[in-house]
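# Residue-level structural notes
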Amino acid sequence: MRAVELRQLRYFVAVAEELNFGRAAARLLIAGPSLSQQIKALERDLGVRLFDRDRRSVSLTAAGSALLPQVRDLLARADDLERRAGALSGSEPVRLGYVNWLPADLTARTSPVARVHLDAWVAPSHTQASRVADGSLDLAVCWAPAADLERLGLRAALIGADRLYAVATGDDTGPVRARDTAVLVDADTTSWLSWNIYAERLAEDTGARAVHISDGGITGPAFFDHVRRSDRPVVNSPKGQTTPLPPDLVRRPVVAPEIHWTWSVVRRATEDRAAVLGVVDALREGVGDLGIHGPDAWLPADDPHRSPGPSNTSASRR
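Within every chain, residues take consecutive numbers counted from 1 along the sequence as written. Side-chain atom pairs in this predicted model are given and counted only at pLDDT of 80 or more, local residue features only at pLDDT of at least 70, and totals for whole chains, interfaces and linings cover all residues. The side-chain figures draw on all heavy atoms in the structure; neither hydrogens nor water molecules are used.

### Let's talk about the confidence of the model for the protein chain
This prediction gives the protein chain a mean pLDDT of 90; 92% of its residues lie at or above 70. When the criterion is pLDDT under 50, residues 310-318 qualifies, and its contacts beyond four places in sequence or with other chains add up to 24 contacts. pLDDT runs from 0 to 100 and stands for how confident the predictor is about each residue. Here a residue-residue contact requires only that any non-hydrogen atoms of the pair lie within 4.5 Å.

And the structure:
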C-alpha cells in the first residue's frame, strides 16, 4: 500500500459527515468528480470499501464506520504535530481573521507554507477588512465591496462562495423568484454594514422587498420570527447558511436570478512577506468558478469577483 495522504483522510471524514458527495465537495471547495476519484483511490489503497453509494444515497460501510473514529484521531494528532512544529520553529505567525466561514481544510492547505494563527476576535466583514488595512491582521476571510478594497489599499482573492436561499412558512419547498422574496436590512450598521450593502443592492437589482428592522434579526431566533410574520419568503444571510431550521419553516431555492455571496481572502496591496502571500496562494489554489458566473447567477455590481458585462436586473424583474 502506498502512503495514504492526510488530504484523502480529510476528504473521507467530510463525506462521512455529510453522507452526500455534492455537499462534501462544496464544503471542501473541490469539484465533485475529483472528490469521488480521491475516495475511490483511498478505498483502493486501504483495501476496503468505505461507502455504499448509488444515485440516491451514500452510507458508511461497516469498515468505514469502524475506521472513522480512528481517522479523526489521526487527523487531530497530525494537526497537533503541525502546531507544535510551528511553535518550535520560532517563525512569526500569519494572523488570519474571519467572519464565520473558513475553508474546512484550512490547516492542510496552509501548514506547508506558514504557521497560521486564527484571530480570536470574530467580527463583521467591514471590521475585518479595516483591521487588515491598519495592520492588526495580516489576512482576513470576509466580503468587501470593490470600492472599500480600493479605499483601504487591499486586494481580494476568491476562495469560497455561498448560494443564498430563502426561508418560508408552509410546506412549499419549490423555487421562488428573487423578486418575490424579502431581504432584511438592520439598523445596526456596526454589526451589519456589509450585509446591509449587499441586501440593498439585491433589492435594487431584483425587485426583492427590503424590510428594515432594528432587532438584530438577520440571524437566529429573531430571524425566524421575521419569517413567520412575513407574507413572502425571506432571504437568509451567509451567517445562517448551516443553521438548522425550526420544524415549521422550510428552505426554498431562489431563482431568476440565483443569488450568491462571495468569500475573499483579503490582504494589503503592499504585502510582500513570503509567508502571507504563500497562505493566499494556498487558499486560492484549485478554487473554480463556484457557480458565481453562471447565466442566472447574481452578484452585486460592487462585488470584486463579478464578471464584467450586463447586469441580471432586467432578467430578474421579468
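### Structural notes on the layout of surface pockets
Only protein atoms enter the 1 Å grid used here, on which a cavity is any set of points holding a 1.4 Å probe that cannot leave and a pocket is any open set flanked by protein within 12 Å on both sides along at least five of seven lines; residues with an atom within 4 Å of a point are listed as lining. Grid points are joined across faces, edges and corners, and a volume is the space filled by probe spheres set on the points. The computed volume of the largest pocket comes to approximately 890 Å³. R23, A26, R27, D162 and Q241 are the residues nearest the centre of the largest pocket, which is lined by 24 residues in total. For the lining of the largest pocket, the elements supplying multiple residues, two or more each, are α2 (21-28) and β6 (154-163). The secondary structure listing takes helices from DSSP runs of H or I that are at least 4 residues long and strands from runs of E that are at least 2 residues long, numbered from the N terminus.

### Thoughts on helix α8 (residues 189-206)
Since the α-helix turns once every 3.6 residues, residues separated by three or four places project in the same direction. Along α8, the sharpest change in direction is near 40 degrees and occurs at W195. Here the term buried applies to any residue with accessible area under 20% of the maximum for its type, exposed to any over 50%, and partly exposed to those in between, with areas from a 1.4 Å probe on protein chains only. Turning to α8, its buried residues number three or more, namely W192, S194, W195, N196, I197, Y198, A199, L202, A203, D205 and T206. In protein, a polar contact means a hydrogen-donor-capable atom and an acceptor-capable atom, both N or O and within 3.5 Å, with residues adjacent in sequence counting only if both atoms are side-chain atoms; elsewhere, any N or O pair within 3.5 Å suffices. Capping the start of α8, D188 holds a side-chain oxygen 3.2 Å from the backbone nitrogen of T190, two or three residues further along. Backbone geometry just after α8 places G207 at a positive phi near 90 degrees. Working definition for bend: take the seven residues up to and ending at a residue and the seven starting at it, fit an axis to each, and measure the angle between the axes.

### Some details on empty space enclosed by the protein
Using the criterion set out here, one finds two cavities of 30 Å³ or more in the structure. Here the largest cavity is characterised by a volume of approximately 120 Å³. Contributing to the lining of the largest cavity are 15 residues, with V99, W192, W195, K239 and W261 lying nearest its centre. At the level of secondary structure, the elements contributing two or more residues to the lining of the largest cavity comprise α6 (125-134), α8 and β13 (258-268). Element by element, the count of residues in the lining of the largest cavity is highest for α8, at five residues. Only Asp, Glu, Lys and Arg are considered charged, only Ala, Val, Leu, Ile, Met, Phe, Trp, Tyr, Cys and Pro nonpolar, and every remaining residue, Gly among them, polar. Of the residues in the lining of the largest cavity, the class split is eight nonpolar, six polar and one charged. Volume-wise, the second largest cavity comes out at about 70 Å³.

### Thoughts on the packing of α2 against helix α3 (residues 32-46)
Note on geometry: axes are lines fitted to C-alpha atoms, helical ones only across the stretch in contact, with angles between N-to-C directions running from 0 to 180 degrees. Direction vectors running N to C along α2 and α3 enclose 105 degrees, while the axes themselves pass 9 Å from each other. One element, α2, and the other, α3, form an angle in the roughly perpendicular class. Residue-level inspection shows F21, A24, A25 and L28 of α2 in contact with α3, the latter providing G32, L35, S36 and I39. Looking at side-chain class alone, the contact of α2 with α3 contains six nonpolar, two polar and no charged residues. Note on terminology: angles under 35 degrees are roughly parallel, angles over 145 are roughly antiparallel, angles of 65 to 115 are roughly perpendicular, and the others are oblique.

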